[in-house]
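The lines below spell out each chain.
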Amino acid sequence: MWSFMDKFEVKGHICRKHNCHYCCEETEMLLTKSDTFRISKSVGIPPSDFSFLTKDNYRMLRNKEVNGEKRCFFLDTNGLCTIYDNRPEGCTYYPIIWDMTNHQIFSDDYCPYHKEFVSEIDRIKPNLELFVLKLFGYL
Ligand code: SF4
């Protein structure tokens, strides 16, 4: 079913086509306050179980160790996100990210398939800009 958010999300079919969840390993995803509240409510556990405060006082998703590898707290053993419908807003945009230093939006080359997302940048840009403002406390 189409939802308002779909218009602004990066389409997951590219990840599914490649059976890729590389960005969910050793994740460094920051959470907004509303992400933290929504996820905590949806899974019924306190924020400190799935996230932590960085030294700059931002909230970040926690990784867990599985077979010696670090992966997102919410990634299951089949490589699927267990909170997909409630995942952090930043996860809905990745690999399109905001470069804080150069004030640019681009597709992150950490993603092995980042070139396939370049055409999404213009569509995602307005919401990604709002997200960055939310993340850093301006909204
Ligand atoms: S919340 Fe879901 S989509 Fe986001 S990094 Fe974790 S497993 Fe991946």
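Since the structure is predicted, the reported quantities are computational estimates derived from the model, not experimental observations. (Residues numbered from 1 in each chain as written. Predicted model: local features only at pLDDT ≥ 70, side-chain atom pairs only at ≥ 80, totals over all residues.)

Enquirer: Please clarify how the overall build of the chain should be interpreted in this entry.
Expert: When helices and strands are tallied, the chain shows five helices and seven strands. Along its sequence from the N terminus, the chain presents helices and strands in the succession α-β-α-α-β-β-β-β-α-β-β-α. For 139 residues, the compact-globule estimate of 2.2 N^0.38 gives 14 Å, and the chain sits close to it at 15 Å. In terms of overall dimensions, the chain has C-alpha extents of about 35 × 35 × 35 Å along its principal axes. A total of 139 residues make up the chain; the buried ones form 24% of that total. At a minimum sequence separation of 6, the contacts of the chain that also span at least 24 residues come to 57%. (Helix = DSSP H or I, 4+ residues; strand = E, 2+ residues; numbered from the N terminus. Rg over C-alpha atoms; globule rule 2.2 N^0.38 Å. Buried ≥ 20, exposed ≤ 12 C-beta atoms within 10 Å, placed from the backbone. Contact = placed C-beta atoms within 7 Å.)

Enquirer: Would you mind going over unusual backbone geometry with me for this structure?
Expert: Peptide bonds are trans in most cases, and residues, glycine excluded, mostly fall at negative phi. The omega torsion across Tyr94 and Pro95 is 10 degrees, close enough to zero to call that bond cis. Here Pro95 is to be found in the loop between helix H4 (89-93) and strand S6 (96-99). Its identity as a non-glycine residue notwithstanding, Asn19 has a phi of 50 degrees, on the positive side. Structurally, the position occupied by Asn19 is in the loop between helix H1 (13-17) and strand S1 (30-31). For Asn19, a count of 7 C-beta atoms within 10 Å translates into the label exposed. The residue Glu26 is not glycine, and still its phi comes out positive at about 45 degrees. Here Glu26 falls in the exposed class, since 12 other C-beta atoms lie within 10 Å of it.

None of this, on its own, says anything about what the molecule does.
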